[in-house]
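What the coordinates show
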Amino acid sequence: MAVVPITLSEADAAILWDGDIVYNKQKMKLAVAAGSKVYVVNGRPFEQFSRHPRGMILPIGSFSYVVEATSEFSALDMGRYCSVARGSKVVGGNHPIGSVTTNSYHYGDWPREFLPDDIKYLGPRESFPRSYGRGRIGNDVWIGAHCVIKSGITVGDGAVIASGAVVVKDVPPYTIVGGNPAKPIRARFPQEIIDRFLDIKWWNYHPGSFRDLNMYDVEEFLDNMEKRREVGDLLPFEPKRFMFKSGALVSL
């Protein structure tokens, strides 16, 4: 999906503000201002109550926030209740490692267009994936500062990526990973608790269904959520959802 710059209209700025879609600025509620240039991702949805890095609107879910990001972060779809610290990056470019050279001399658009005719590559051209595709960050994921994440991977619900990690493979749910390349350090909880979290999927319910519960006591929280689900006391969470399509803001 293309990342495109737009000049935000007053009407669209008002819609974002009313939807609590703002820039991340610690304790401040910083509006995405009308008339400012904003980089958006065509065709990818984002949700109400999300906080975005300055100058960008990313495809992220409710209550998620990204402190800062480069345009490559647009290659990730992110769930709800995620936290992304400053300095993290996404890398997505692929090169043909089985070819004579990994350089773009024999496949790139720039050499084809701008090199002098007498040194341009004339041999066969083979297609290959130029990127690793879109990645998926689940719900309740914490990405520490200055991480590098390969596009196209999946980070499971509840996972934690330690600061400075280089993530080149999928991360299982509720697993803490770190290092270069990132490897599992430990699970956040015992497997029985993880299974219960993945079954209840608390992030899909309206916060009013659990805001009175003690979220510091994991087992007590799960016990109460399971009881409330059994008697039908958990309400689905249906936030407002939006998308930029050809530069225009649309409600979904």
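Described below are features of the structure shown in this document. (Residues numbered from 1 in each chain as written. Predicted model: local features only at pLDDT ≥ 70, side-chain atom pairs only at ≥ 80, totals over all residues. Heavy atoms only, no water.)

Among the residues of helix α1 (residues 10-18), D12, A13 and L16 are the ones counted as buried. An end-on view of α1 places all buried positions within 100° of arc, on one side of the element. Within α1, the exposed residues directed more than 90 degrees away from the buried face are E10 and D18. On its buried side, α1 packs onto β5 (46-47) and β21 (248-251). Taken from the residues just after α1, D20 is the one with a positive phi, measuring 55°. (Buried < 20%, exposed > 50% of the residue type's maximum accessible area, 1.4 Å probe, protein only. Helix = DSSP H or I, 4+ residues; strand = E, 2+ residues; numbered from the N terminus. Arc of directions from axis to C-beta. Contact = heavy atoms within 4.5 Å.)

Our next topic: a negative patch on the surface. A surface patch of negative charge is lined by E192, D195, D217, E219 and E220. Elements represented by at least two residues in the negative patch include exactly α3 (191-200) and α4 (218-230). Considering the arrangement of structural elements, one finds D195 in helix α3. Given the relative accessible area of 42%, D195 is considered partly exposed. (Patch = residues over 30% accessible without salt bridge, like charges linked within 9 Å, V, L, I, M, F, W, Y side chains within 5 Å. Areas by Shrake-Rupley, 256 points an atom, 1.4 Å probe, with all protein chains shown as cover. Salt bridge = Lys/Arg side-chain N within 4 Å of Asp/Glu carboxyl O. Lys, Arg positive; Asp, Glu negative; His and termini not counted. Charge placed at Lys NZ, Arg CZ, Asp CG, Glu CD.)

Glancing now at the sheet that holds strand β4 (residues 37-41). In spatial order, the strands read β1-β4-β7; together these 3 strands make up an open sheet with mixed pairing. Bordering the open sheet on either side are β1 (3-7) and β7 (56-57), each of which pairs with just one other strand. Bridge count between β4 and β7: 2 bridges; the pairing is parallel. In the sheet register, Y39 faces β7, and the bridge partner there is M56. (Pairing = 2+ DSSP bridges.)

This part is about unusual backbone geometry. Looking along the chain, the bond that leaves N180 and enters P181 is cis, with omega of -5°. Examined against the element boundaries, P181 turns out to sit in the loop between β18 (175-178) and β19 (183-187). In the Ramachandran plot, F63 falls in the positive-phi region, its phi being about 70° despite a non-glycine side chain. Within the fold, F63 resides in the loop between β7 and β8 (65-66). Exposure remark for F63: the relative accessible area of 28% places this residue in the partly exposed category.

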